[in-house]
Structure formats: C-alpha cells, structure tokens
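Examining the three-dimensional arrangement
Each chain, written out:
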Amino acid sequence: MTSAVVPDHPWLLPGSLVPTRAARRRTPRDWFVDSVVFVIAILWVLLAHGDVTSATPEFGLNAGPAWLEEVDVLVGLLVSVALWLRRRWPVGLAVATAPLALFSVTSGAALLVITFTLLVHRPLPVGLALVGWNVLVLPVYLAVRPDPTLPFWASVVWTALCIGVVVAWALFVRARRQLVLSLRDRAERAEAEQQLRLDQARQLERGRIAREMHDVLAHRISLLSLHAGALEFRPDAPPEEVARAAGVIRASAHAALQDLREVIGVLRAEVGSEATPERPQPTLGDVPALVAESRDAGVRVGVVDEVTEPEAVPAGIGRSAYRIVQEGLTNARKHAPGAVVTVRLAGGPGDGLAVDIHNPWPVGAPATAIPGAGTGLVGIAERVTLAGGRLEHGRDADGGFRLTAWLPWAAR
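I will try to describe carefully the structure that is included in this document. (Residues numbered from 1 in each chain as written. Predicted model: local features only at pLDDT ≥ 70, side-chain atom pairs only at ≥ 80, totals over all residues. Heavy atoms only, no water.)

**Examining the overall build of the protein**
Here is the rule we go by: A helix here means a DSSP run of H or I that spans at least four residues, while a strand means a run of E at least two residues long, and both kinds are numbered starting from the N terminus. Buried residues are those whose accessible area, probed at 1.4 Å on protein chains only, stays under 20% of the maximum for their type, while exposed residues exceed 50% and partly exposed ones sit between those limits. The contact definition used throughout considers only heavy atoms, calling two residues in contact when any of these lie within 4.5 Å. Note on areas: these come from Shrake-Rupley sampling with a 1.4 Å probe, and a residue is covered only by the protein chains present in the view.
Along the protein, the regular secondary structure elements total eleven helices and five strands. For the protein, the residues scored as buried account for 37% of the 412 residues in total. Of the contacts made within the protein by residues no fewer than 6 positions apart, 70% connect residues no fewer than 24 positions apart. Carbon and sulfur atoms provide 65% of the accessible area of the protein, an area that totals close to 23,800 Å².

Right, here's the structure in full:
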C-alpha cells in the first residue's frame, strides 16, 4: 500500500486537500482566509449599522425599527465571531443562523460566507436547501426592511443576483477541489496497482525459481542418498563399485551446489544489475541423459519412446515433459527403491505429448527414507496447468503407482 505524496508547500493548500493525518486542521492558508473573512464580516457589521442608523444613509441599506437595529448589531457581531466554527460545524452553524435571513442586515456578509462554506464542504443538496431558504425568505426580509431606493421586485432581483454570484463561485471551488481529489486518488490507485503488479511478478518469479530448484535438487539429492545408502549397506563391495559410487556422489554434490549457487545469485541480484545469464533449460532431448543418471544410480528404468518428430517439440512442452519424468524418477527412488520404473513418451504435432511413468507399489517401508517437502507433484501439476495440459497421479488398476500427463502440442 502506497503512502500519499505530500506536496512541496502544504501550507498554501486548504486543509481538505492536504493528504496527511492533520488534514482536518487548519493550514496557514486556512488561518489567513478565516482571518480575512472575520475582518470583512466585522467591517460589514460596523458599516451596515452605521448606515442604517445614520440620518443621511450613503448606501441605502434597509432600515428598520430602532429597537431592531440595537439587536441586529449584537447579532451581527455574534455571527461574525461564530464564523471561526464554520469549518468544523458548517451545518449546525447554518441551521442556527438561518432565521437571521428574515430580518438581519448586519449579518448579511457572514450569512453569505456560511452559505459558501456549506456548498463547498457538504453534500450539494444540503447547501442548495440553505440557498432555497434564503431566496424564499427574501419577501419577508424586504417587508421588514424595505429598500428606500429600489422598488420591491428590483430589490428581490438584486439580492437574488448577489446570492447567485456566491453560489456560482462556491460551485466552481467545489468542482475544482473534487477534480484535484479525483486526480490524486487516481494517481495513488495507479501507483498502488503498479506496486501490486511488481509484487505479483516478483512472487511469480520466486515461485518459478522454487519449482525449478525443487525439481533439480530433489533429483540430485535422491541420487546422493541412493548411492550413500548403497555404500552404507554394502561396506564389503568391490573397490571398483565403491569408487564409482563415490564418483557419482561427488559429481551429484558438485552439480547440486552449482544449482544452488545459481539460484541464490538470482535471488540476490538487485534490480537493474547485470545478472549472470541462466544456463540452458532442459528439453525433451535431455530425457535420455536423465534416465542414464538414474540407471547409473542402480535404478532399473525402461523407456518406451513413441514420439513422432521429437525435434519439433516446442521448448516449453519439452521442458515440462523433462520435469515430469524427473519428478517421477525421483519419487520412484524415494518411495519404491529397487522397483522397475517404466517411462513412456508418445505423441506428435496436433495430438499432444503424453508422458506416463509407472512403477509397482512399494512393499513395506524403504530401508533408508529420503526426506522430501511433499510439494513436487503440486509444482508439476501447476506447471502442467499453466501449459494447458492435464495431470493424473495415484494408484492404478494394476496396483502400481502411475503418473500420467498430457501436454498440448499444436500441429504445424
């Protein structure tokens, strides 16, 4: 999950646009705006009160009864001070001050600011409801405070026009902030999806490496265990056989260490570094060498090769077939030592490639158990599924263990 990017100068943004935990707090920009708004509201209170109480009013503000003017100036001052609460409780402040639209002239500037705040920061129907209330009570307000310079309907149109300008400005600010938030959310979501894709690709690559290492090392180590067990139970074997077994153990150990070194190098390689090129992957043509290794270890393996045009087998299909045979021989050495293993390969272009490995069911437990993770067949099943093939394994009707796979092989 990615963290939000903090802008270079967050103090220049409204608090609602700063992507931090303290987004609900006022930024320096908010303090400046609130101070300016408060000063303007106070100045309007003083200006309006002085004009309506003057013998020669200069602005033609609506005058009312004398007792109303004394009450109105106090109300205007209170509403101006209450503007400091407009960011935290805009709806409550709007509801509390809504009746003032019926008679107060000194709170006019503050009421417009409250309407602006509600339209910007709260759902649009709430703000429009307040605007509708202010428009509906205009006749009542003009009846209480008639304009000495304009006719009734002219005063209604002029006041409604002032409210419309504030509403248009508020809707513009609201749309602009929603656009900024939408673009930021889209950018953060794209960054998070990109990071997720990278993590998935990395995980898939590590899983591929783990499967390859299981297939290779399980084969090598099972050969080591088989030859070591033969030396353990045949200490009186001829020197030639002991030397041959020791040579196979040494070669298998060296190959296993080389495979392990290569995979550790891949895992340690940093992004962008010059990695060691991978060695060539096995193909169907390497199956005879795999069988020869098992035969050298004393496993009796019979091979039935019925593949037409083996040189045309796709590299991916051939590699999967090699791994299936490798896993089958490894399992036979682990669980059925001494049993005869039959490997059958058949198929051709358009028919697919069939791999069948069969060995008799073991009688009793092996003298020396070879440990395993138990995930070999799971990895092979995943490999076959990704290739679009089918895999079956288990005890067959003859009582033996059979591993059968079919891999798609498109026609030319």
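**Brief notes about the packing of aromatic side chains**
As a reminder of what qualifies: When the centres of two rings from Phe, Tyr and Trp lie within 6.5 Å, Trp using its six-membered ring, the rings pair. Their planes under 30 degrees apart give stacked, over 60 give edge-to-face, and anything left gives tilted.
Going through the model one piece at a time under the given rule, you end up with four aromatic pairs. Note on tryptophan 31 and tryptophan 84: the rings are 6.0 Å apart at their centroids and 40° apart in plane angle, and the pair reads as tilted. One end of the pair, tryptophan 31, is in helix 1 (residues 28-52); the other, tryptophan 84, is in the loop between helix 2 (66-82) and helix 3 (90-97), and 53 residues separate them in sequence. According to the relative accessible area criterion, tryptophan 84 is partly exposed, its value standing at 28%. Relative to tryptophan 169, the ring of phenylalanine 116 has its centre 5.0 Å away and its plane inclined at 55°; by these criteria the two rings are tilted. Placement of the pair is phenylalanine 116 in helix 4 (residues 108-121) and tryptophan 169 in helix 7 (residues 152-233), with a sequence separation of 53 residues. In this structure phenylalanine 116 comes out as buried when scored by relative accessible area, which is 19%. One aromatic cluster in this structure is built from Trp31, Phe38 and Trp84.

**Observations concerning a nonpolar patch on the surface**
Rules: Candidate patch residues must exceed 30% relative accessible area and have no salt bridge, after which like charges are joined if within 9 Å and Val, Leu, Ile, Met, Phe, Trp or Tyr side chains if within 5 Å. We count a salt bridge whenever a side-chain nitrogen from Lys or Arg sits within 4 Å of a carboxyl oxygen from Asp or Glu.
A cluster of nonpolar side chains, namely Leu150, Trp158, Leu161 and Val165, defines an oily patch on the protein surface of about 420 Å² accessible area. Mapped onto the elements, valine 165 comes out in helix 7. Here valine 165 falls in the exposed class, since its relative accessible area comes to 53%.

**What to know about the packing of helix 10 (residues 315-335) against helix 11 (residues 376-386)**
Our working definition: The convention used is that axes are lines fitted to C-alpha atoms, helices contributing only their stretch in contact, and that angles between N-to-C directions extend from 0 to 180 degrees. Note on terminology: angles under 35 degrees are roughly parallel, angles over 145 are roughly antiparallel, angles of 65 to 115 are roughly perpendicular, and the others are oblique. With the far helix as reference, a near helix turned anticlockwise by less than a right angle produces a left-handed crossing, and one turned clockwise produces a right-handed crossing.
At a closest axis distance of 10 Å, the pairing of helix 10 and helix 11 adopts a crossing angle of 160°. Put simply, helix 10 runs roughly antiparallel to helix 11. The two elements helix 10 and helix 11 cross, and the hand of that crossing is left-handed. Only Gly376, Leu377, Ile380, Arg383 and Val384 of helix 11 make contact with helix 10, whose side of the interface consists of Arg319, Ser320, Arg323, Ile324, Glu327 and Asn331.

**Quick look at the pattern of salt bridges**
According to the stated counting rule, one finds eight salt bridges in the structure shown. Here aspartate 185 makes a salt bridge to arginine 189, at a shortest N to O gap of 2.5 Å. Here the residue aspartate 185 and the residue arginine 189 both occupy positions in helix 7, the gap between them amounting to four residues, near one helical turn. The exposure class assigned to aspartate 185 is partly exposed, which follows from its relative accessible area of 39%. The exposure class assigned to arginine 189 is partly exposed, which follows from its relative accessible area of 43%. Linking aspartate 356 and arginine 402 is a salt bridge whose minimum nitrogen-to-oxygen distance equals 2.7 Å. One end of the pair, aspartate 356, is in strand 3 (residues 352-359); the other, arginine 402, is in strand 5 (residues 401-407), with 46 residues separating them in the sequence.

**Describing empty space enclosed by the protein**
Which entries qualify depends on this criterion: Computed over the protein atoms alone on a 1 Å grid, cavities are sets of points where a 1.4 Å probe fits but cannot get out and pockets are open sets with protein on both sides within 12 Å along at least five of seven lines; a residue lines them when it has an atom within 4 Å of a point. Grid points are joined across faces, edges and corners, and a volume is the space filled by probe spheres set on the points. Gly falls in the polar group here, along with every residue not listed as nonpolar (Ala, Val, Leu, Ile, Met, Phe, Trp, Tyr, Cys, Pro) or charged (Asp, Glu, Lys, Arg).
In the structure shown here, the tally under the stated rule is one cavity of 30 Å³ or more. Computed from the structure, the largest cavity encloses a volume of approximately 50 Å³. In this structure, the largest cavity is lined by Ala94, Thr97, Ala98, Leu111, Ile114, Thr115, Leu130 and Asn134. For the lining of the largest cavity, the elements supplying multiple residues, two or more each, are helix 3, helix 4 and helix 5 (124-136). Looking at the lining of the largest cavity residue by residue, the class counts come to five nonpolar, three polar and no charged.

**Quick look at the layout of surface pockets**
In this structure, the largest pocket spans a volume of roughly 1,400 Å³. Elements represented by at least two residues in the lining of the largest pocket include exactly helix 1, helix 4, helix 6 (138-144) and helix 7. Among the residues making up the lining of the largest pocket, the classes are represented as 30 nonpolar, eleven polar and six charged.

**What to know about the pairing of strand 5**
The condition is simple: If DSSP finds at least two bridges between two strands, the strands pair.
For strand 3 and strand 5, the ladder comprises seven bridges, and the chain directions are antiparallel. Along strand 5, the bridge assignment pairs leucine 353 with leucine 407. The pairing of strand 4 (residues 390-395) with strand 5 spans six bridges and is antiparallel. For glycine 394, the partnering residue across the bridge sits in strand 5 and is arginine 402.

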